Amino acid sequence: MPDDRNVARALLDRQSRTYAEEAGITLADRPGPLYQLLVLTTLLSTRIRASVAVAAARELFAAGYRTPQAMEAASWQDRVDALGRGHYRRYDERTATMLGTGARLCLDRWHGDLRRLHQEAGADRAALRRFLTEFPGIGPTGADIFLREAQSVWPDVRPYADRRTLAGAKRLGLPTSPGDLVGLVGEADFGRLASALVRVALGEESAGEVSRSAATAR
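Here the structure is a predicted model, which means the values were calculated and not measured.

Draft legend 1. Summary view of the overall build of the chain. When its secondary structure is counted, the chain shows 14 helices and zero strands. Across its three principal axes, the chain shows a C-alpha extent of roughly 55 × 35 × 25 Å. Of all 218 residues assigned to the chain, the portion counted as buried reaches 51%. Across the chain, contacts joining residues at least 24 apart in sequence account for 64% of those joining residues at least 6 apart. Summed over all atoms, the accessible surface of the chain reaches about 9,700 Å², with 46% contributed by carbon and sulfur. Charged side chains of the chain number 31 positive and 27 negative; the gap between the two group centres comes to 3 Å.

Draft legend 2. How the structure looks around the nonpolar core. In terms of nonpolar packing, the biggest core is built from 52 residues, with L40, L43, L60, L114, F146 and W154 touching the most fellow members. Of all the secondary-structure elements, those providing two or more residues to this core are α2 (19-22), α3 (31-44), α4 (50-62), α6 (76-85), α7 (92-110), α8 (114-121), α9 (125-132) and α10 (140-150). Dropping the residues within four chain positions of it, L40 is found in contact with Y19, A20, A23, I25, A53, V54 and A57. A161, L184, F190 and V210 belong to the second largest nonpolar core, which has 22 residues in total.

Draft legend 3. Highlighting the side chain of T18. Counting through the fold element by element, T18 comes out in the loop between α1 (4-14) and α2. Owing to a relative accessible area of 7%, T18 belongs among the buried residues under this scheme. For T18, the contacting residues outside a window of four places in its chain are E149, G191, R192, S195 and R199.

Draft legend 4. Representation of the environment of T26. Residue placement: T26 occurs in the loop between α2 and α3. Separated by 153 residues in sequence, T26 and G179 place their C-alpha atoms 27 Å apart.

Draft legend 5. Main features of the pattern of salt bridges. According to the stated counting rule, one finds 14 salt bridges in the structure shown. Among the salt bridges present, the one from R9 reaches D189, with a minimum N-O distance of 3.4 Å. With a gap of 180 residues between them, R9 in helix α1 and D189 in the loop between α12 (178-185) and α13 (190-201) connect regions that are remote in the sequence. Assessed through its relative accessible area of 35%, R9 is described here as partly exposed. Here R104 and D108 are joined by a salt bridge, their closest N and O atoms 2.5 Å apart. With R104 and D108 both in helix α7, this residue pair falls four residues apart, about one helical turn. With a relative accessible area of 32%, R104 lands in the partly exposed category.

Draft legend 6. Structural view of unusual backbone geometry. The peptide bond linking R158 to P159 adopts the cis configuration, its omega dihedral lying at -5°. Relative to the elements of secondary structure, P159 occurs in the loop between α10 and α11 (163-171). The backbone of H87 shows a phi angle near 65°, a positive value even though the residue is not glycine. Here H87 falls in the exposed class, since its relative accessible area comes to 55%. For H111, which is not glycine, the phi dihedral falls at a positive 55°. Relative to the assigned elements, H111 resides in the loop between α7 and α8.

Draft legend 7. A look at the packing of α8 against α9. Axis separation between α8 and α9 bottoms out at 8 Å; the angle between their running directions is 145°. Crossing handedness for the pair α8 and α9: right-handed. On the side of α8, the interface is formed by L117, H118, E120 and A121, while α9 contributes A127, L128, F131 and L132. In terms of residue class, the contact of α8 with α9 is made up of six nonpolar, one polar and one charged.

Draft legend 8. Looking closely at the packing of aromatic side chains. Counted under the stated rule, the structure contains two aromatic pairs. Plain terms: the ring middles of F146 and W154 are 5.8 Å apart, the flat faces sit at 55° to each other, and that makes the pair tilted. We note that F146, like W154, is buried. Just above the ring of W110 sits the side chain of R109; from NZ or CZ to the centre is 4.0 Å. Its end group placed over the ring of Y19, R199 keeps NZ or CZ at 4.0 Å from the ring centre.

Each value, and the rule that gives it
Residues numbered from 1 in each chain as written. Predicted model: local features only at pLDDT ≥ 70, side-chain atom pairs only at ≥ 80, totals over all residues. Heavy atoms only, no water. Helix = DSSP H or I, 4+ residues; strand = E, 2+ residues; numbered from the N terminus. Buried < 20%, exposed > 50% of the residue type's maximum accessible area, 1.4 Å probe, protein only. Contact = heavy atoms within 4.5 Å. Areas by Shrake-Rupley, 256 points an atom, 1.4 Å probe, with all protein chains shown as cover. Lys, Arg positive; Asp, Glu negative; His and termini not counted. Charge placed at Lys NZ, Arg CZ, Asp CG, Glu CD. Core = buried A, V, L, I, M, F, W, Y, C linked by side-chain atoms within 4.5 Å. Salt bridge = Lys/Arg side-chain N within 4 Å of Asp/Glu carboxyl O. Axes fitted to C-alpha atoms, helices over the stretch in contact; angles between N-to-C directions. Left-handed = near helix turned anticlockwise from the far one by under 90°. Nonpolar A, V, L, I, M, F, W, Y, C, P; charged D, E, K, R; others polar. Phe/Tyr/Trp six-rings, centres within 6.5 Å; stacked < 30°, edge-to-face > 60°. Lys NZ or Arg CZ within 6 Å of the ring centre and 35° of its normal.

Below, the structure is given as structure tokens:
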């Protein structure tokens, strides 16, 4: 049987991109990319396939709605149309409203810069989660999604492993504690591993195929 490090590396070889990267976000600790991650999080928080949420985010960004200012300035119909082009149809009208309201909250509460949210919360994860859930459409699961992705650029959040990350680890027979998981790949790659493990939990990646790839690579 392949050891845990081999399994983790095989998974990263097969699923090297985070959801943010798949949505075209070059994540960095800057206002634009962090806001784009917030948009993606809002879309992923709805009961819809992750691939559809990612496609809808790409359409919103392609339309120029990459900042809270641009998102709020867009008409409600323009946001609905962009979501529709990404086939995000079942929740498009409600989500278009939430995106506009969330953009205004980002501007009013955080001056359009989510680094301020991070700074105000400090290293307090509970405070980070509380601030994030103030945005419409983002609940506890959404806060997990945001922090799971943001840990790549917010080192003080690492290692962040939410329920879905740990469910994916369990399916692969990997440790189910964040401290043990981070030891398999190192802190720099942990955000990618967490995202890849979610794909296993959601059935986007086959645990069996990952194990076979790890065994072959030995």
